[in-house]
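# Fold and contact review
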Amino acid sequence: MLNEQQREVNALRLTIREICKELEEVRDERDQLKEELGAVRLTLEAIKQDVDLQADILRQPVLSQSEINALLSDKTYNDRGFLE
C-alpha cells in the first residue's frame, strides 16, 4: 500500500514538474511577445509620424498659382513639363 502511494506521489511530482516547465515556457513566450509587440508599436508610431509628415508636405503648395500659370504659358516646356 505504501509503495503504491509512493508511486502516486512520485507521478504527481513528475506531473507538477512538467506543468511548471510548461508554465515557464509559456511565460518566456509571453515575454517575447510583449517585446515584439513593443517593437511593433514603435514601428507603427514611426510610420504614423512619417505619414503625418508626408501629409503636411503634400498640403503645402510647391508652386504658387502665378508660378504654375507662368510655366503653363512657357513654350519651352512640352506637355509633360520637360524642357525641349
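Fair warning: this is a prediction, and the values are worked out from it, not measured in the lab.

Secondary structure assignment for the chain yields 2 helices and 0 strands. Here the chain displays about 8300 Å² of accessible surface, and carbon together with sulfur accounts for 58% of that area.

Looking now at a nonpolar patch on the surface. Together, Leu 37, Val 40, Leu 44, Ile 47 and Val 51 line one region of the surface with nonpolar side chains, adding up to about 430 Å² of accessible area. The class of Val 40 is partly exposed, set by a relative accessible area of 43%.

Turning our attention to a negative patch on the surface. On the surface, a cluster of negative charge is made up of Glu 18, Glu 22, Glu 24, Glu 25, Asp 28 and Glu 29. Judged by its relative accessible area of 52%, Glu 22 is exposed.

The subject of this paragraph is the pattern of salt bridges. In total, this model carries 3 salt bridges according to the counting rule given. Across the pair Arg 30 and Asp 31 runs a salt bridge whose closest N-O atoms are separated by 3.3 Å. For Asp 31, a relative accessible area of 34% puts it in the partly exposed group. One salt bridge connects Arg 59 with Asp 56, and the closest N-O pair in it is separated by 2.6 Å. On the criterion of helical spacing, the pair formed by Arg 59 and Asp 56 is a turn pair, its members being 3 residues apart in helix H1 (residues 2-59). Judged by relative accessible area, Arg 59 falls into the exposed class, the value being 61%. For Asp 56, a relative accessible area of 40% gives the class partly exposed.

Calculation criteria
Residues numbered from 1 in each chain as written. Predicted model: local features only at pLDDT ≥ 70, side-chain atom pairs only at ≥ 80, totals over all residues. Heavy atoms only, no water. Helix = DSSP H or I, 4+ residues; strand = E, 2+ residues; numbered from the N terminus. Areas by Shrake-Rupley, 256 points an atom, 1.4 Å probe, with all protein chains shown as cover. Patch = residues over 30% accessible without salt bridge, like charges linked within 9 Å, V, L, I, M, F, W, Y side chains within 5 Å. Salt bridge = Lys/Arg side-chain N within 4 Å of Asp/Glu carboxyl O. Buried < 20%, exposed > 50% of the residue type's maximum accessible area, 1.4 Å probe, protein only. Lys, Arg positive; Asp, Glu negative; His and termini not counted. Charge placed at Lys NZ, Arg CZ, Asp CG, Glu CD.

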